[in-house]
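Summary of structural features
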Amino acid sequence: MDLSAINPAVLIASLMVAAVPIMLAATGELVVEKAGVLNLGVEGMMIMGAVCGLAIAVEAESPVLGFVAAAAGGAALSLIFAFLTQVLLANQVATGLALTLFGLGLSSLIGQGYVGIKPPPTPRLDFGPLADIPVLGTILFRHDPVVYLSVLIVAAVWALLRFTRAGLILRAVGENHDAAHALGYKVQRIRLAAILFGGAMAGLGGAYISLVRVPQWTDGITAGAGWIALAIVVFAGWKPWRILLGAYLFGGITVLQLNLQAAGARIPVEYLSMSPYLITILVLVIMSAGRGRAALNAPAALGRNFHASR
């Protein structure tokens, strides 16, 4: 095994790219769960975003329009979830699982005509001389706009939840929707807005996979990224900045195992491929043992339906 072939700067830059889809989807799901809603349909919304983004990017020859369409596609799918759970008061867990299955099937149908078609490339930002700085230039200044946007979204969500009245109301709805309703807040409208935001973020994350990371369409292209995003919300203890760390951890392990394969590691490829998922499960088991702090940070009304007449 030739470890000298692994460039640390390129490795770090690659993990930042690999973390983007999960970071976007997990940040959206964090907002949804802070509002007291448990949406397990993240995988379905991500893969719908992936196919919608690629289809529109190819047809319009514009990656920007592709990302916009992906956000719209993810939000449209989340609207189905919102109607079923917030209006018809369907079980959130069962509805979320059904949404994932629906998204996987519908994306496969839409994507049949785009197999093997490459989308237009997403341009990188030009930082001029900064990109030529040794090591730092490679790590920080040679990425596409979505890499930086994902970090800004995490920062914006953190600031919203921590410093704004809207964030306080959102958290209040997630902790005790009956008390929030008694104070005059429109619980269903607030949860609807959170669900739509979560769907749009999942769609963007899916589009990043099909337009940047794996610029083509294949069935099941998200490969469980939505489930990892759900796990990272728990790993982060429902705190935005920890989602950033969790996404980079998963992205780092994913990129490292690919580099180890390229370097000729004697570890079987199958073990390397499943290592990101195994480590994610291990972290969750450790954090949940004995009802740790992560369990205590969960919104009190998470997964509970609300009806104004109660």
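The residue count restarts for each chain, going from 1 along the sequence in the order it is written. Totals for whole chains, interfaces and linings use all residues, but because this is a predicted model, local features are given only for residues with pLDDT of at least 70 and pairs of side-chain atoms are given and counted only at 80 or more. By convention in this description, side-chain values take in all heavy atoms of the structure and omit both hydrogens and water.

1. A few points about the overall build of the protein chain
Inclusion rule: Helical segments are the DSSP runs of H or I of at least four residues, strand segments are the runs of E of at least two, and each set is numbered from the N terminus. Only protein chains enter the area calculation, which uses a 1.4 Å probe; residues under 20% of their type maximum are buried, those over 50% are exposed, and those in between are partly exposed. By the convention used here, residues are in contact when the closest approach between their heavy atoms is within 4.5 Å. In this description, accessible areas are obtained by the Shrake-Rupley approach with a 1.4 Å probe, and a residue is regarded as covered only by the protein chains that are shown.
Assigned secondary structure in the protein chain consists of 13 helices and zero strands. Along its sequence from the N terminus, the protein chain presents helices and strands in the succession α-α-α-α-α-α-α-α-α-α-α-α-α. Here the protein chain holds 310 residues, and 50% of them are scored as buried. In the protein chain, the share of contacts with a sequence separation of at least 24, taken over all contacts with a separation of at least 6, comes to 77%. For the protein chain, the exposed area adds up to about 14300 Å²; of that, 69% sits on carbon and sulfur atoms.

2. Digging into the packing of aromatic side chains
The following threshold applies: Two aromatic rings from Phe, Tyr or Trp, using only the six-membered ring of Trp, form a pair when their centres are within 6.5 Å; if the ring planes differ by under 30 degrees the pair is stacked, by over 60 it is edge-to-face, and anything between is tilted.
Scanning the entire structure with this criterion turns up four aromatic pairs. Look at F127 and Y148: their rings are 5.6 Å apart centre to centre, the planes differ by 65 degrees, and that puts the pair in the edge-to-face class. Remark: Y148 occurs in helix α6 (residues 145–163) and F127 occurs in the loop between α4 (92–111) and α5 (136–140); sequence separation between them is 21 residues. Since its relative accessible area comes to 21%, Y148 is described here as partly exposed. What links up through ring pairs into an aromatic cluster is the set F127, F141 and Y148.

3. Side note on a nonpolar patch on the surface
Threshold: Grouping into patches uses exposed residues only, defined as over 30% relative accessible area, and leaves out salt-bridged ones; the cut-off is 9 Å for like charges and 5 Å for nonpolar side chains (Val, Leu, Ile, Met, Phe, Trp, Tyr). Salt bridges are defined as contacts in which a side-chain nitrogen from Lys or Arg sits within 4 Å of a carboxyl oxygen from Asp or Glu.
Taken together, the side chains of L130, I133, L136 and L140 define a hydrophobic patch exposed on the protein surface, amounting to about 300 Å² of accessible area. Here L136 shows up in helix α5. We classify L136 as partly exposed; its relative accessible area is 46%.

4. A look at the packing of helix α3 (residues 63–87) against α4
Test applied: Here, axes are lines fitted to C-alpha atoms. For helices the fit covers the stretch in contact, and angles between N-to-C directions go from 0 to 180 degrees. Angular relationships are summarised with four words: roughly parallel below 35 degrees, roughly antiparallel beyond 145, roughly perpendicular across 65 to 115, and oblique for the angles in between. In this scheme the crossing of two helices becomes right-handed for a clockwise turn of the near helix relative to the far one and left-handed for an anticlockwise turn of less than a right angle. Each residue gets one label: Ala, Val, Leu, Ile, Met, Phe, Trp, Tyr, Cys and Pro are nonpolar, Asp, Glu, Lys and Arg are charged, and the others, such as Gly, are polar.
Interhelical geometry of α3 versus α4 gives an angle of 155 degrees and a closest axis separation of 10 Å. Considering the angle they form, α3 stands roughly antiparallel to α4. In this structure, α3 crosses over α4, and the sense of that crossing is right-handed. From α3, L77, I80, F81, L84, T85 and Q86 reach across to α4, where they touch Q92, T95, G96, L99, F102 and G103. Here the residues of the contact of α3 with α4 sort into six nonpolar, six polar and no charged.

5. Comments concerning unusual backbone geometry
One non-glycine residue, E61, adopts positive backbone phi at about 55 degrees. Within the element layout of this structure, E61 appears in the loop between α2 (42–60) and α3. By relative accessible area, which is 66% here, E61 ends up exposed. The phi angle at L89 is positive, at roughly 60 degrees, despite the residue not being glycine. Mapped onto the secondary structure, L89 falls in the loop between α3 and α4. Judged by its relative accessible area of 24%, L89 falls in the partly exposed class.

6. As for the packing of α2 against α3
Close contact between α2 and α3 brings their axes to 7 Å; oriented N to C, the two are set at 145 degrees. Of the two possible hands of crossing, α2 and α3 adopt the one that is right-handed. When α2 is examined against α3, the residues G44, M45, M48, G49, C52, G53, I56, A57 and A60 are found in contact with a partner set consisting of P63, L65, G66, A69, A70, G73, G74, L77 and S78. The residue inventory of the contact of α2 with α3, partitioned by class, reads eleven nonpolar, seven polar and no charged.

7. As for the side chain of S78
Relative to the assigned elements, S78 resides in helix α3. Given the relative accessible area of 0%, S78 is considered buried. Residues contacting S78, with those up to four places away along its chain left out, are M45, I195, L196 and G199.

8. What to know about helix α10 (residues 225–235)
Extensive coverage of α10 is indicated by the burial of eight of its eleven residues. Of the positions making up α10, those classed as buried are A225, G226, I228, A229, L230, A231, I232 and V233.

9. Remarks on the nonpolar core
Note the following rule: We define a nonpolar core as any set of buried Ala, Val, Leu, Ile, Met, Phe, Trp, Tyr and Cys residues linked to one another through side-chain atoms lying within 4.5 Å.
Core analysis: the largest hydrophobic core is formed by 81 residues, its most contacted members being I22, M23, V42, W217 and I243. Going through the elements one at a time, α1 (8–34), α2, α3, α6, α7 (165–175), α9 (187–213), α10 and α11 (240–262) are the ones with two or more residues in this core. With near-sequence residues (within four places) excluded, V42 lies in contact with A25, E29, T100, A202, G226, A229 and L230.

10. Concerning the confidence of the model for the protein chain
To be explicit about the condition: A residue's pLDDT is the confidence the predictor assigns to it, expressed on a 0 to 100 scale.
On average, the protein chain scores 89 in pLDDT, and the residues at 70 or more come to 90%. For the protein chain, per-element mean pLDDT is lowest for helix α13 (residues 293–296), which scores 52, and highest for α9, which scores 97.

11. Quick notes on the side chain of R191
Our working rule: For this count, His and the chain ends are skipped, Lys and Arg are scored as positive, and Asp and Glu as negative. Whenever two N or O atoms come within 3.5 Å, that pair is a polar contact, provided that in protein one can donate a hydrogen and the other can accept it, and provided that, for residues adjacent in sequence, both atoms are side-chain atoms.
Relative to the elements of secondary structure, R191 occurs in helix α9. D178 is the oppositely charged side chain nearest to the buried, salt-bridge-free R191, at an N-O distance of 8.4 Å. Of the polar contacts made by the side chain of R191, one reaches the backbone oxygen of R304; its length is 3.2 Å. Apart from residues lying up to four places away in sequence, R191 is in contact with A35, G36, V37, Q86, V173, H177, A301, R304, N305 and F306.

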